Amino acid sequence: MLDFYIISDSEAKPKPDKIDQLDYAGGLESDVFDQLIRKKIIDSRFDFYSDFRWGNQLIRQIDSKTKEFSADSDILTLKKIIDKALDSESGLIAFGD
């Protein structure tokens with residue numbers, strides 16, 4: 001599972017000291033993540049097994065790519081996660097396991 005947490009774009013540290021202080025936004029299974037890469041929603045430079053951050057601007061770009069796939073279950077799973085970040089005008093940090 002790749003777990004996403006809401007994090008402010010202004011947070012200077014690449015990784016926060018305590019993950020339990022962040023709001024959980026949701027998670028993606030590896031097969032869903034791989035499908036999103038194949039559909040070119042998520043850039044292939046992001047690795048399921050690595051930690052990474054998406055700033056609010058990148059999340060907006062990803063969101064704009066999802067518009068043409070309104071009934072796709074993989075997209076809907078991602079959309080729930082990115083909508084939480086968009087609603088709070090924040091970014092996301094992902095932790096892979």
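Please read all numbers here as calculations on a predicted model, not as lab measurements.

J.: Can you tell me about the nonpolar core, naming the residues and giving the values?
T.: Core analysis: the largest hydrophobic core is formed by 24 residues, its most contacted members being Phe4, Leu28, Trp54, Leu78 and Leu92. Of all elements in the fold, only strand E1 (2–7), strand E2 (23–28), helix H1 (30–38), strand E3 (52–54), helix H2 (56–66), helix H3 (73–87) and strand E4 (91–96) reach the threshold of two or more residues within this core. With five residues, H3 is the single largest residue contributor to this core. Membership of the second largest hydrophobic core comes to five residues, among which are Tyr5, Leu22, Ile93 and Phe95.

J.: I'd love a proper account of H3, names of residues and values included.
T.: For H3, with 15 residues, the first-to-last C-alpha span of 21 Å sits near the 21 Å given by 1.5 Å per residue. Contact partners of the buried residues in H3: E1, E2, H1, E3, H2 and E4. A distance of 2.9 Å separates the backbone nitrogen of Asp74 from a side-chain oxygen at the start of H3, and that oxygen is part of Asp72. Positive backbone phi, at 55°, marks Glu89, one or two positions downstream of H3.

J.: Residue-level account of H2, with values.
T.: Residues Asn56, Leu58, Ile59, Ile62, Asp63 and Thr66 constitute the buried set of H2. One face of H2 carries all of its buried residues, which in axial projection span an arc of 155°. Within H2, the exposed residues directed more than 90 degrees away from the buried face are Gln57 and Arg60. As for H2, its buried residues are in contact with E3, H3 and E4.

J.: Any details on the packing of aromatic side chains? Residues and values, ideally.
T.: Per the counting criterion, the structure on display carries ten aromatic pairs. Both rings, one in Phe4 and one in Trp54, keep their centres 5.3 Å apart while their planes meet at 40°; by these two values the pair is tilted. Here Trp54 lies in strand E3 and Phe4 lies in strand E1, a separation of 50 residues in the sequence. Assigned by exposure class, Phe4 and Trp54 land together as buried. With a centroid separation of 5.3 Å and an interplanar angle of 70°, the aromatic rings of Tyr5 and Tyr24 are classed as edge-to-face. A residue pair is termed long-range when its members are at least 10 positions apart, and Tyr5 in strand E1 and Tyr24 in strand E2 qualify at 19 residues.

J.: Which residues make up the pattern of salt bridges, and what values do they have?
T.: By the definition in use, this model includes six salt bridges. Among the ionic pairs, Asp43 bridges to Arg45, the shortest N-O distance being 3.9 Å. With relative accessibility at 37%, the residue Asp43 sits in the partly exposed group. Of the residues examined, Arg45 reaches a relative accessible area of 60% and is grouped as exposed. Notably, a salt bridge pairs Lys79 with Asp63, separated by 2.4 Å at the nearest N-O pair. Here Lys79 is found in helix H3, whereas its partner Asp63 is found in helix H2, with 16 residues between them in sequence. A relative accessible area of 23% means that Lys79 is categorised as partly exposed. Given a relative accessible area of 11%, Asp63 falls into the buried group.

What counts and what doesn't
- Residues numbered from 1 in each chain as written.
- Predicted model: local features only at pLDDT ≥ 70, side-chain atom pairs only at ≥ 80, totals over all residues.
- Heavy atoms only, no water.
- Core = buried A, V, L, I, M, F, W, Y, C linked by side-chain atoms within 4.5 Å.
- Buried < 20%, exposed > 50% of the residue type's maximum accessible area, 1.4 Å probe, protein only.
- Helix = DSSP H or I, 4+ residues; strand = E, 2+ residues; numbered from the N terminus.
- Expected span 1.5 Å × (residues − 1).
- Contact = heavy atoms within 4.5 Å.
- Polar contact = N/O pair within 3.5 Å; in protein donor to acceptor, adjacent residues only side chain to side chain.
- Arc of directions from axis to C-beta.
- Phe/Tyr/Trp six-rings, centres within 6.5 Å; stacked < 30°, edge-to-face > 60°.
- Salt bridge = Lys/Arg side-chain N within 4 Å of Asp/Glu carboxyl O.

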